[in-house]
Amino acid sequence: MRAPVERPVASWFWALAPLYTLGIGTPMVMVHAAVKKRSLLQALAATAYVAVLVTMVVVDRDAGGLQATLFSSGIAIQFIVGAAHALAIRHWVFSGNPAPDPRGVELRHRQALAIAAHQDHSAARAEAHRIVATDPQLARGLVIGRPDLPYREFPDGGVVDVNQATVGMLCHFAGLPDEVSRRIVEVRTQVGEFASYDDLLVTADLDPYVTDRVRDWLVFIPRAAGAPSSRGSRPR
């Protein structure tokens, strides 16, 4: 697709309209620019020029005083300001590149925010997994994996500590089915805790097809030394 070619003669004829029409053509020039470029700001400017022209028509310039001042100011705005405005936007109006649609800009802004939030959550989960793997004591101190607690300060990306989670937490925060969540808590009550995701699958006899999709949201923080544990012999 060829780029639009600017028409210099037409663009200059358009831009000088406020001068050779003595300001009367300024509103039409600005309305044309607003429509062609689909610009809200330009539409507001065009509205202002129309309002000035209407004021000039309504007032009695021969009455003197305020009315004469309004008429003179209107001439200056339409003639001088309008011409300067038209010359300033001439290239923009005739460049063939319409102003961005505000609705599209807003949509792309929301999309960019959503992408950034998703990336932030992914990075937070990755850091939470790293801390759990390298420093479980720090993980416990940061209250990682406990989205049910309101006072946490460390952003962990929404991970859930399977060794502390209730059935409701596994369903609501991790997105696991109710039946699977109940199975996890039931087996955990018998064995005490799970060492890893693979340990969870083997010990609780879970279907990876169901759990793999939320694996990134599951962490396994071991209990602190000396903490009570109900771990017994693993079911075979």
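Cut-offs and rules
- Residues numbered from 1 in each chain as written.
- Predicted model: local features only at pLDDT ≥ 70, side-chain atom pairs only at ≥ 80, totals over all residues.
- Heavy atoms only, no water.
- Helix = DSSP H or I, 4+ residues; strand = E, 2+ residues; numbered from the N terminus.
- Contact = heavy atoms within 4.5 Å.
- Areas by Shrake-Rupley, 256 points an atom, 1.4 Å probe, with all protein chains shown as cover.
- pLDDT = per-residue confidence, 0-100.
- Buried < 20%, exposed > 50% of the residue type's maximum accessible area, 1.4 Å probe, protein only.
- Polar contact = N/O pair within 3.5 Å; in protein donor to acceptor, adjacent residues only side chain to side chain.
- Arc of directions from axis to C-beta.
- Salt bridge = Lys/Arg side-chain N within 4 Å of Asp/Glu carboxyl O.
- Patch = residues over 30% accessible without salt bridge, like charges linked within 9 Å, V, L, I, M, F, W, Y side chains within 5 Å.
- Axes fitted to C-alpha atoms, helices over the stretch in contact; angles between N-to-C directions.
- Parallel < 35°, antiparallel > 145°, perpendicular 65-115°, else oblique.
- Left-handed = near helix turned anticlockwise from the far one by under 90°.
- Nonpolar A, V, L, I, M, F, W, Y, C, P; charged D, E, K, R; others polar.

(A) Here's a closer look at the overall build of the protein. Assigned secondary structure in the protein consists of eleven helices and two strands. The helix and strand sequence of the protein, counted from the amino end, reads α-α-α-α-α-α-α-β-α-α-α-α-β. If you take every contact in the protein between residues at least 6 apart in sequence, the share linking residues at least 24 apart comes to 60%. Approximately 14400 Å² of the protein is accessible, and the part contributed by carbon and sulfur atoms is 63%.

(B) Representation of the confidence of the model for the protein within the structure. Within the protein, residue pLDDT values average 85, and 88% of them lie at 70 or more. Predicted confidence for residues 1–5 stays below pLDDT 50, and this span has two contacts to residues more than four positions away or in other chains. In this model residues 229–236 is a low-confidence stretch, pLDDT under 50, and it forms 20 contacts with partners more than four residues away in sequence or in other chains.

(C) Expanded view of the environment of F71. As for its placement among the helices and strands, F71 is situated in helix α5 (residues 65–94). Residue F71 is classed as buried on the basis of its relative accessible area, which comes to 17%. For the pair F71 and R61, spaced ten residues apart in sequence, the C-alpha to C-alpha distance is 6.0 Å. Filtering out sequence-adjacent residues up to four positions away, F71 remains in contact with M56, V59 and R61.

(D) Seen up close, the side chain of D156. Mapped onto the fold, D156 is located in the loop between α7 (136–141) and β1 (160–161). A residue is classified by how much of its surface remains accessible, and D156, at 2% relative accessible area, is buried. At 2.9 Å, the side chain of D156 forms a polar contact with the backbone nitrogen of G145. Residues in contact with D156, not counting those within four places in the same chain, are A124, R125, A128, V143, I144, G145 and R146.

(E) Focus on helix α1 (residues 8–15). Along α1, the positions that sit buried rather than exposed are S11, W14 and A15. Seen end-on, α1 carries its buried residues on one side only, within an arc spanning 95°. More than 90 degrees from the buried face of α1, the exposed residues found are V9 and F13. Here the buried face of α1 lies against α2 (17–20), α3 (26–37) and α5.

(F) Fine view of the pattern of salt bridges. This structure, assessed with the given rule, holds six salt bridges. One salt bridge connects R146 with D148, and the closest N-O pair in it is separated by 2.8 Å. Judged by its relative accessible area of 32%, D148 is partly exposed. The partner of D156 in a salt bridge is R152, and the shortest N-O contact between them spans 2.5 Å. The class of R152 is partly exposed, set by a relative accessible area of 22%.

(G) Inspection of a nonpolar patch on the surface at higher detail. A contiguous nonpolar surface patch, about 580 Å² in accessible area, is contributed by W12, F13, L16, L19, Y20 and L87. When residues of the nonpolar patch are traced back to their parent elements, those giving at least two are α1 and α2. Residue L16 is classed as partly exposed on the basis of its relative accessible area of 32%.

(H) Local environment of the packing of helix α4 (residues 40–58) against α5. Two numbers describe how α4 lies on α5: the axes approach to 10 Å, and their chain directions differ by 155°. When the axes of α4 and α5 are compared, the pair comes out roughly antiparallel. In the packing of α4 onto α5, the handedness of the crossing is left-handed. Between α4 and α5, the contacting residues are Q42, A45, Y49, V52, L53 and M56 on the first element and F71, G74, I75, I77, Q78, V81, G82, H85, I89 and W92 on the second. Grouping the amino acids of the contact of α4 with α5 by side-chain chemistry returns eleven nonpolar, five polar and no charged.

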